[in-house]
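If you want the building blocks of each chain, they are given just below.
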Amino acid sequence: MDGGNQSKGSEFLLLGMSESPEQQRILFWMFLSMYLVTVVGNALIILAITSDSRLHTPMYFFLVNLSFTDLFFVTNTIPKMLVNLQSQNKAIAYAGCLTQLYFLVSLVALDNLILAVMAYDRYVAICHPLHYVTAMSPGLCILLLSLCWVFSVLYGLIHTLLMTRVTFCGSRKIHYLFCEMYVLLRLACSNIHVNHTVLVATGCFIFLIPLGFMITSYARIVRAILRIPSATGKYKAFSTCASHLAVVSLFYGTLGMVYLQPLQTYSMKDSVATVMYAVVTPMMNPFIYSLKNKDMHGALGRLLQGKAFWKLT
């Protein structure tokens, strides 16, 4: 495993955040708890929305897809992480590492693009309420979501295929939780100039442009809210987009902590920030979206009451 090009039979060692058995036990139970909360929370969001016809609107259509993405996202990384924390064998096959990388990169991009589409939905709802039904038609919603998937899949494919060109020499020990782009590039002993250039170029397109779009949308939303004469009207308008704004801030805040730095300075300390966007953000999203949302409260209540009634009968 030392030296030479990476072959299909080679492996990486995912050593995680600590090699101490005591700390690994703590991390195991912590990540298991977070995973279960994430799965249950996002599954409840999906079931509540799909089972309640009153929530079959564009905003909740995109929220269902965001929850599905978060479910897939954590399932791509956490189960393998839990196995490694409980096992002496921390190896991951080269193909398995690239597969994990592909889904990680694609789903982060998909999360980001769905958030941008949700910002557009809130912009239309608040700034052009009379045209909302026609502007956010079912056909347009499906088209926007399809474009999100297409761009995300292409983004993941580009970086995964470029990674197959990289040569890995020496130690293949990854002091990290999963196969992450910057970590693998730091292990490379071949020229990664093309990888880095494409990463910056596509990152600007997939992340910075949608971020700029969201900032512009919210600037117009704030301006429209300030024009509302009553305080009650302002509060009601702001409450419809406050949860989305909180999720966007959490997502970009944690993502920026990891990737808004040169590749050369990327180190083990960034694994904490990676846990924030890879584990904590998907876990928090259901709570943020349902915390002060009366429609979600009602749908979740009806869902849970229905399940309880079904058990009794």
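Thresholds applied
- Residues numbered from 1 in each chain as written.
- Predicted model: local features only at pLDDT ≥ 70, side-chain atom pairs only at ≥ 80, totals over all residues.
- Heavy atoms only, no water.
- Helix = DSSP H or I, 4+ residues; strand = E, 2+ residues; numbered from the N terminus.
- Contact = heavy atoms within 4.5 Å.
- Areas by Shrake-Rupley, 256 points an atom, 1.4 Å probe, with all protein chains shown as cover.
- Phe/Tyr/Trp six-rings, centres within 6.5 Å; stacked < 30°, edge-to-face > 60°.
- Buried < 20%, exposed > 50% of the residue type's maximum accessible area, 1.4 Å probe, protein only.
- Patch = residues over 30% accessible without salt bridge, like charges linked within 9 Å, V, L, I, M, F, W, Y side chains within 5 Å.
- Salt bridge = Lys/Arg side-chain N within 4 Å of Asp/Glu carboxyl O.
- Axes fitted to C-alpha atoms, helices over the stretch in contact; angles between N-to-C directions.
- Parallel < 35°, antiparallel > 145°, perpendicular 65-115°, else oblique.
- Left-handed = near helix turned anticlockwise from the far one by under 90°.
- Pairing = 2+ DSSP bridges.

Naming follows an unreviewed UniProt entry, where the protein chain appears as Olfactory receptor of Macaca fascicularis.

Asker: With reference to specific residues and values, describe the overall build of the protein chain.
Answerer: When its secondary structure is counted, the protein chain shows 10 helices and three strands. The order of α-helices and β-strands along the protein chain, N terminus first, is β-α-α-β-α-α-α-β-α-α-α-α-α. When contacts within the protein chain are restricted to residue pairs at least 6 apart in sequence, long-range pairs at least 24 apart make up 80% of them. Just so you have it, the protein chain exposes about 15500 Å², and 70% of that area is on carbon and sulfur atoms.

Asker: Give me the lowdown on the packing of aromatic side chains, citing residues and values where you can.
Answerer: A full pass over the atoms with the stated rule returns 11 aromatic pairs. Considering the side-chain rings of Tyr120 and Phe213, the 6.2 Å spacing of their centres and the 35 degrees angle between planes classify their relative orientation as tilted. With Tyr120 in helix H3 (residues 94-127) and Phe213 in helix H7 (residues 193-226), this residue pair connects regions lying 93 residues apart in the sequence. Judged by its relative accessible area of 26%, Tyr120 falls in the partly exposed class.

Asker: Outline a nonpolar patch on the surface, supporting the account with residue identities and numerical values.
Answerer: On the surface, Val150, Val153, Leu154, Leu157, Ile158 and Leu161 cluster together into a nonpolar patch covering about 480 Å² of accessible area. Take Val150: it is sitting in helix H5 (residues 138-163).

Asker: Explain the packing of helix H2 (residues 58-86) against H5 to me, and be specific about the residues and the numbers.
Answerer: When two helices pack together, their arrangement is given by the angle between the helix axes and by the axis-to-axis distance. Packing of H2 against H5 leaves a shortest axis separation of 11 Å and a crossing angle of 25 degrees. Considering the angle they form, H2 stands roughly parallel to H5. Read as a crossing pair, H2 and H5 show a hand that is right-handed. Across the interface between the two elements, Pro58, Phe61, Phe62, Asn65 and Phe68 of H2 pack against Cys141, Ile142, Leu145 and Trp149 of H5.

Asker: Provide a residue-level description of the sheet that holds strand S3 (residues 173-174), including the pertinent values.
Answerer: Overall, mixed pairing links the three strands, which are arranged S2-S1-S3 in an open sheet. The sheet terminates laterally at strand S2 (91-93) and S3, the two strands that pair on one side only.

Asker: Pulling in residues and values, what's your account of the environment of Ile206?
Answerer: Within the secondary structure, Ile206 sits in helix H7. In this structure Ile206 comes out as buried when scored by relative accessible area, which is 2%. For the pair Ile206 and Cys148, spaced 58 residues apart in sequence, the C-alpha to C-alpha distance is 9.8 Å. With sequence-adjacent residues up to four places away left out, Ile206 is seen in contact with Ala109, Asn112, Leu113, Phe151 and Tyr155.

Asker: Requested: an account of the pattern of salt bridges, with residues and values cited.
Answerer: Applying the stated criterion to the full structure yields three salt bridges. Residue Asp52 pairs with Arg302 through a salt bridge whose shortest N-O separation is 2.5 Å. Here Asp52, found in the loop between helix H1 (21-51) and H2, pairs with Arg302, found in helix H10 (residues 294-312); they are 250 residues apart in sequence, far enough to count as distant. Here Asp52 falls in the buried class, since its relative accessible area comes to 6%. Between Arg122 and Asp121 there is a salt bridge; the shortest N-O distance is 2.8 Å. Looking at Arg122, the relative accessible area reads 9%, which means it is buried. Overall, Asp121 belongs to the buried group, its relative accessible area being 1%. One salt-bridge network, held together by shared partners, links Asp52, Arg54 and Arg302.

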